[in-house]
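If you want the building blocks of each chain, they are given just below.
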Amino acid sequence: QVQLVESGGGLVQPGGSLRLSCAASGSIFRIDAMSWYRQPPGKQRELVATISSDGSPTYTDSVKGRFTISRDNAKNTVYLQMNSLKPEDTAVYYCHAEIKPKILGPRYIYWGQGTQVTVSS
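As a starting point, this report considers the structure included with it. (Residues numbered from 1 in each chain as written. Predicted model: local features only at pLDDT ≥ 70, side-chain atom pairs only at ≥ 80, totals over all residues. Heavy atoms only, no water.)

### Things to note about the environment of serine 27
1) Next: Tracing the chain through its elements places serine 27 in the loop between strand S3 (18–25) and strand S4 (30–39).
2) Next: Between the C-alpha atom of serine 27 and that of isoleucine 69, which follows or precedes it by 42 residues, the distance is 24 Å.
3) Next: In this view, serine 27 contacts Gln1, Val2 and Pro101; residues no more than four positions away in its chain are not counted. (Helix = DSSP H or I, 4+ residues; strand = E, 2+ residues; numbered from the N terminus. Contact = heavy atoms within 4.5 Å.)

Below, the structure written as structure tokens:
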């Protein structure tokens, strides 16, 4: 059984910073791409950033230059460093990972439970 557990959300003032973490645990043979999504209040979930297994990142335009995605493969963990936060970054942030639990078998998509980020003065 694979689980993704997020941490690091909270309330921050505009211009502040937060660092989200997401650790994968359980039966894991290989983790491919890992991503962060977010769902603002009353809106659809959207992709924020993705990091490939070799560490190559991509970002949605609205967070480029402010957010940094990284991963620690030894710890099966992905991070999202969020700087210069704006009120429009307020959302529930979800971790997403493509994981192959067994050497023989398919790859599955897993989601974390979500962590609330609120940017407000």
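Okay, back to it.
### Observations concerning the pairing of strand S11 (residues 115–119)
1) Next: On S11, burial follows the alternation: Thr115, Val117 and Val119 on one face are buried, whereas Gln116 and Thr118 on the facing-out side are not.
2) Next: Judged from the 3 bridges that link them, strand S2 (residues 10–12) and S11 form a sheet pairing that is parallel. Residue pairing across strands places glycine 10 opposite valine 117, the latter belonging to S11.
3) Next: Two elements, strand S9 (residues 91–100) and S11, share 3 bridges in a ladder whose sense is antiparallel. Its bridge partner being in S11, valine 92 is matched across the sheet by glutamine 116. (Buried < 20%, exposed > 50% of the residue type's maximum accessible area, 1.4 Å probe, protein only. Pairing = 2+ DSSP bridges.)

### Quick notes on the nonpolar core
1) Next: Residues Trp36, Leu80, Met82 and Tyr93 are the most contacted members of the largest nonpolar core, which totals 28 residues.
2) Next: Breaking this core down by element, the ones donating at least two residues are S3, S4, strand S5 (46–51), strand S7 (67–72), strand S8 (77–82), S9 and S11.
3) Next: A per-element tally of this core places S9 first, with 5 residues.
4) Next: Aside from chain neighbours lying at most four places away, what touches methionine 82 is Gly16, Ser17, Leu18, Leu20, Arg66, Phe67, Tyr93 and Val117. (Core = buried A, V, L, I, M, F, W, Y, C linked by side-chain atoms within 4.5 Å.)

### So, the environment of glycine 112
1) Next: Along the polypeptide, glycine 112 turns up in the loop between strand S10 (108–111) and S11.
2) Next: Take glycine 112: its relative accessible area is 11%, and that puts it in the buried class.
3) Next: Here the alpha-carbon distance between glycine 112 and alanine 97, two residues 15 residues apart in the chain, equals 8.7 Å.
4) Next: Those residues in contact with glycine 112, other than ones at most four positions away along the chain, are Leu4, Glu6, Tyr94 and Cys95.

### A look at the pairing of S7
Side-chain positions along a regular strand alternate between the two faces of the sheet.
1) Next: Side chains Phe67, Ile69 and Arg71 of S7 all project onto a buried face; the interleaved residues Thr68, Ser70 and Asp72 project onto a face where none is buried.
2) Next: The sheet contact formed by S7 and S8 spans 6 bridges and is antiparallel. Its bridge partner being in S8, arginine 71 is matched across the sheet by valine 78.
3) Next: Following S7, the chain reverses through 4 residues before pairing antiparallel with S8; asparagine 76 in that reversal takes a positive phi of roughly 50°.

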